[in-house]
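Architecture and fold: a report
Residue strings, one per chain:
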Amino acid sequence: MNEHSFSPESQMMSFGYKPELSEGAIKCPIFQTSTFAFKKAEDGKAFFEVAYGKREKTDEEELGLIYSRLNNPNLQITEDRLCLWDGAEDAAIFESGMGAISSMLMEFLNPGDVLLHSVPVYGGTDHFINHVLPKWGIHSIGVNPYQDKEDVMKEIEESGMKDKIRFVYLETPANPTNALVDIGMFREIADSINTQEEPIYIGVDNTYMGPIWQHPLKLGADMVIYSATKYIGGHSDLVAGACLGSADLIKRVKGFRTFMGNMAGPHTGWLLMRSLETLKVRMEKQAQNAQEVAAFLNSHPKVEKVHYLGNLKPEDGRQYDIFKKQCTSNGAMLAFDIQGGEKEAFKFLNNVKLIKLAVSLGSTESLAEHPATMTHSDVDEDLRNKIGITSSLVRISVGVEDAKDLIWDIEQALAQV
Ligand SMILES: *Cc1c(COP(=O)(O)O)cnc(C)c1O
């Protein structure tokens, strides 16, 4: 037979699961159990030795399960499947995106270290960086990431904390304006300012592009973060998160998770497994719908500007170049400035019928919200205006509905403004 390697989407239904171990069930059952029976005491001893890092697993050994805070089949199989899209060696699933972000940062930063991050980041991440990490003696430098390398370096120099930077955290495309951060540029910066043997690690929040359209590990990042609540879960029925990377780094993240106890439960793992099967078709349909919705908005007289990756042109310079280098799709998130301000934006939001007025994103149903007073109301007003989160901005997460219906809905809601 010819060599053939299956695409990730072909493996999402079966990878890592053996029906013969579960009565032949075609679907992986929910392993709703806290603990696992050892066949003999020697097995329990061996499993613990490896789980607690006292020794490496030998090649002949087939390790068993111990306790659901350490390992559970619903998590392990989901983690193995999630790795396929990003080309990661291992993944750790958490009960929320914030669980993944906070655990990664706490594992890799020590008191006295400094975190360099792009601005803006997701509201919860921003709060964690500015209000929680300082309690542990970890401070941060937030840089405007949309400038040239020289200007970013200048900001770093001026902070006076350059020598203490031990981690770089980026979010791209940025929520809600779709502005892009050059991951490769930050790799160069991190390597050039490092004074220690251990590298300065880079973590990228890839929630907006899901694992389908952008692969940060191939662009210079060491770890990828997902709020799996969004595209990966995709049905607005769960909260979860993930951190992916090399086996060495994820071993550390999983070690931290074991003692924080913030791993996802078996039912969340099972729901994610269900969701991964349709991830690619959902995201493709959502991107196709977004393209049609964006085309409609682009030509509507009550719409001033549409923030959509598909609108980037070579004239946009660096943003266009980064887009070409990093993303394989225009995505399914867009935002637009309605003519007027908050009053007009609210009028639109209060009149959509099919689209739901709610925060969150990436789900099968389309959602609309007002970033300035909702998801980004915590962001400093000057910064908000500087980065385009104005009172006239409306964000839409495009779902899998019929695009004709979405456009009808947007048209009739705009007509009432
Ligand atoms: C939602 C979100 C998070 C936080 O994830 P939770 O699952 O809500 O904890 C982090 N980053 C981005 C970009 C998000 O959209």
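This text follows the structure it describes.
These lines cover the structure that appears in this document, whether it is placed above or below. (Residues numbered from 1 in each chain as written. Predicted model: local features only at pLDDT ≥ 70, side-chain atom pairs only at ≥ 80, totals over all residues. Heavy atoms only, no water.)

1. Regarding the pairing of strand β3 (residues 139-143)
Sheet topology note: the strand β2 (residues 114-118)/β3 ladder contains five bridges and is parallel. Looking at the pairing, Leu 115 lines up with Ser 140 of β3. (Pairing = 2+ DSSP bridges. Helix = DSSP H or I, 4+ residues; strand = E, 2+ residues; numbered from the N terminus.)

2. Thoughts on helix α2 (residues 41-51)
Residues Asp 43, Gly 44, Ala 46, Phe 47 and Val 50 constitute the buried set of α2. When α2 is viewed along its axis, its buried side chains cluster within an angular range of 165° and face the same direction. Facing away from the buried side of α2 by more than 90 degrees, the exposed set consists of Ala 41, Glu 42 and Lys 45. One or two positions beyond α2, positive phi appears at Gly 53, with a value near 70°. (Buried < 20%, exposed > 50% of the residue type's maximum accessible area, 1.4 Å probe, protein only. Arc of directions from axis to C-beta.)

3. Details of the site of the ligand
Close to the ligand lie 14 residues; Gly 97, Met 98, Asp 205, Thr 229 and Lys 230 are nearest. One nitrogen or oxygen atom from the main chain of Gly 97 is found 2.9 Å from an oxygen atom belonging to the ligand. Ranked by residues supplied to the shell around the ligand, first place goes to helix α4 (residues 97-108) with three residues. Its residues assigned to classes, the shell around the ligand shows six nonpolar, five polar and three charged. (Near = heavy atom within 4 Å. Polar contact = N/O pair within 3.5 Å; in protein donor to acceptor, adjacent residues only side chain to side chain. Nonpolar A, V, L, I, M, F, W, Y, C, P; charged D, E, K, R; others polar.)

4. Re the environment of Leu 334
Examined against the element boundaries, Leu 334 turns out to sit in strand β9 (residues 333-338). Taking the relative accessible area as the measure of exposure, Leu 334 reaches 0% and is therefore buried. Along the backbone, Leu 334 and Val 394 are 60 residues apart, and their C-alpha atoms lie at a distance of 8.6 Å. Setting aside anything within four residues of it in sequence, one finds Leu 334 in contact with Asn 178, Ala 290, Val 293, Ala 294, Leu 297, His 307, Tyr 308, Val 394, Arg 395, Ile 396 and Val 398. (Contact = heavy atoms within 4.5 Å.)

5. Some points on the packing of aromatic side chains
Under the defined criterion, the tally for this structure stands at seven aromatic pairs. Seen in terms of ring centroids, Phe 48 and Tyr 52 are 5.5 Å apart; in terms of plane orientation they differ by 80°. Their pairing is edge-to-face. Residue Phe 48 is classed as partly exposed on the basis of its relative accessible area of 32%. Ring geometry for Tyr 52 versus Phe 259: centroids 6.2 Å apart, planes at 45°, classification tilted. Here Tyr 52 is found in the loop between α2 and α3 (73-86), whereas its partner Phe 259 is found in helix α9 (residues 247-260), with 207 residues between them in sequence. Owing to a relative accessible area of 63%, Phe 259 belongs among the exposed residues under this scheme. Among the aromatic side chains, those forming a connected cluster through ring pairs are Phe 48, Tyr 52 and Phe 259. (Phe/Tyr/Trp six-rings, centres within 6.5 Å; stacked < 30°, edge-to-face > 60°.)

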